[in-house]
Amino acid sequence: MSKPDLNLMVIFDAIMQEQSVSSAARLLSMTQPSVSNALSRMRHVYKDPLFIKDGRGIKPTPFASSLWLQISSSLNIISDVVNPKTFVPYYAKRTFRIALTEGMSSLLWLELRKVIEQTAPHINIHAVPYTMNGESLLMDAQADLIADYVPDLGRYIQRQHLCTNYFVAIMSPEHPLVDKEFDIKALIGSDNLLVSLSGDASGTVDVKLAEQNLTRRIAMTTNSFSGAMSLIKQTSLISILPYPIAFEHIKSGELIAKSMPIDIPPAEISMAWHNRSNRDVGLLWLRETISKIVKNKQELFKNGAWL
């Protein structure tokens, strides 16, 4: 543009956030035709459709995604300077979208809801399915935050360590191995249940066993941690799971935990968010709240805490 129009950039930013022209119009308190006209102007200037139909919604073109990465952080900074933001949890009305697995929601959701009921009653928390697709979720603004295992996703994504998930072998109190040593022979001789979010019938344990030319029988897979708990309680299956996820069941005596006979690297659990949200005071409040929840449970995540 020969004369940059920041208003168009603001409208473009809103469409990217909402993935909808009508939703962006509501967010900006504009009419839908006004937003559509602004989008048409940008399409003409950049010689790119910017958004294409995707089912009932729209999705950005590669050019639009690239453009957003370049402008979103700058727009947030300008907005903060012109209109300094405050966030009062008790009066704030906002919806946060958190990407996480079912296992992490079992750790966080109850405690997070308790905090919200007491201190931020108008805050909504929506769970977004997480299958190691963190980069696209954050880049496309499908999620505000990830709270789970997050690999390095590059320079546009920030990470903050939460805790370390150690693994243990879980079985029913009636399992024949309860009163026996759980060695590698017991592991490979058992019917194993694998919680697989991807659908693959192998995991880190199988990689470690293969290094010793060993295999185990994956008798069943599931994509649900709560489903796994129910299965283990009522069958002869065993499963290798993060200790924090099974803790309540172990504490109640419904499940038995055994230390691992092979070295399985722990999973580092983190929060992750896009750089454009660095100055988002609402998201900062949410991150601090989640950090406090995890800190309060920190002793449960230490290796051997179940012994």
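Up top you'll find the structure we're talking about.
Computed from a predicted structure; not experimentally measured. (Residues numbered from 1 in each chain as written. Predicted model: local features only at pLDDT ≥ 70, side-chain atom pairs only at ≥ 80, totals over all residues. Heavy atoms only, no water.)

Some words on a nonpolar patch on the surface
- A contiguous nonpolar patch, built from V88, Y90 and Y91 and spanning about 360 Å² of accessible area, is present on the exposed surface.
- Positionally, Y91 belongs in the loop between α4 (62-82) and β3 (94-100). (Patch = residues over 30% accessible without salt bridge, like charges linked within 9 Å, V, L, I, M, F, W, Y side chains within 5 Å. Areas by Shrake-Rupley, 256 points an atom, 1.4 Å probe, with all protein chains shown as cover. Salt bridge = Lys/Arg side-chain N within 4 Å of Asp/Glu carboxyl O. Helix = DSSP H or I, 4+ residues; strand = E, 2+ residues; numbered from the N terminus.)

Some details on the packing of aromatic side chains
- For the structure shown, the criterion picks out 5 aromatic pairs.
- Ring centres 5.9 Å apart and planes at 50° place the aromatic pair F12 and F51 in the tilted group. Pair noted here: F12 is in helix α1 (residues 6-18) and F51 is in strand β1 (residues 51-54), with a separation of 39 residues, a long-range link.
- Judged by its relative accessible area of 0%, F12 is buried.
- Looking at F51, the relative accessible area reads 5%, which means it is buried.
- Positioned above the aromatic ring of W273 is the side chain of R287, whose terminal nitrogen or guanidinium carbon lies 3.7 Å from the ring centre. (Phe/Tyr/Trp six-rings, centres within 6.5 Å; stacked < 30°, edge-to-face > 60°. Buried < 20%, exposed > 50% of the residue type's maximum accessible area, 1.4 Å probe, protein only. Lys NZ or Arg CZ within 6 Å of the ring centre and 35° of its normal.)

Considering unusual backbone geometry
- The phi dihedral of K47 falls on the positive side, at around 55°, and the residue is not glycine.
- Within the secondary structure, K47 is located in the loop between α3 (32-46) and β1.
- Phi is positive for M132, close to 65°, though the residue is something other than glycine.
- Note on placement: M132 falls in the loop between β4 (123-129) and α6 (134-139).
- You can call M132 partly exposed: its relative accessible area is 48%.

Section: helix α2 (residues 21-28)
- Listed as buried for α2 are V21, S23, A24 and A25.
- Close packing links the buried residues of α2 with α1, α3 and β2 (57-60).
- Among the residues trailing α2, S29 stands out with phi positive, at a value near 60°. (Contact = heavy atoms within 4.5 Å.)

A few points about the layout of surface pockets
- Put simply, the second largest pocket is a space of about 870 Å³.
- Taken together, 32 residues line the second largest pocket, and the ones lying closest to its centre are F167, V195, L197, T204 and F225.
- At the level of secondary structure, the elements contributing two or more residues to the lining of the second largest pocket comprise β5 (145-149), β8 (191-195), α8 (204-210), β10 (239-242) and β12 (267-274).
- The dominant element in the lining of the second largest pocket, judged by the number of residues it contributes, is β10, at 4 residues.
- Across the lining of the second largest pocket, the residue classes break down as 20 nonpolar, 9 polar and 3 charged. (1 Å grid on protein atoms, 1.4 Å probe; cavity = no way out; pocket = protein on both sides within 12 Å on 5 of 7 lines; lining within 4 Å. Points joined across faces, edges and corners; volume = space filled by probe spheres on them. Nonpolar A, V, L, I, M, F, W, Y, C, P; charged D, E, K, R; others polar.)

Considering the environment of L137
- Structurally, L137 is set in helix α6.
- Judged by relative accessible area, L137 falls into the buried class, the value being 2%.
- Once the C-alpha coordinates of L137 and H274 are considered, the two residues, 137 residues apart in sequence, prove to be 9.6 Å apart.
- In this view, L137 contacts A99, V128, P129, Y130, Q142 and A143; residues no more than four positions away in its chain are not counted.

A word on the packing of helix α5 (residues 102-119) against helix α11 (residues 281-296)
- Relative orientation of the contacting elements α5 and α11 amounts to 125°, with a least axis distance of 10 Å. The angle between the axes of α5 and α11 places the two elements in the oblique class. As for how α5 packs across α11, the hand of that crossing is right-handed. Touching L108, E111, L112, V115, I116 and T119 of α5 are W285, L286, T289, I290, I293 and V294, all from α11. (Axes fitted to C-alpha atoms, helices over the stretch in contact; angles between N-to-C directions. Parallel < 35°, antiparallel > 145°, perpendicular 65-115°, else oblique. Left-handed = near helix turned anticlockwise from the far one by under 90°.)

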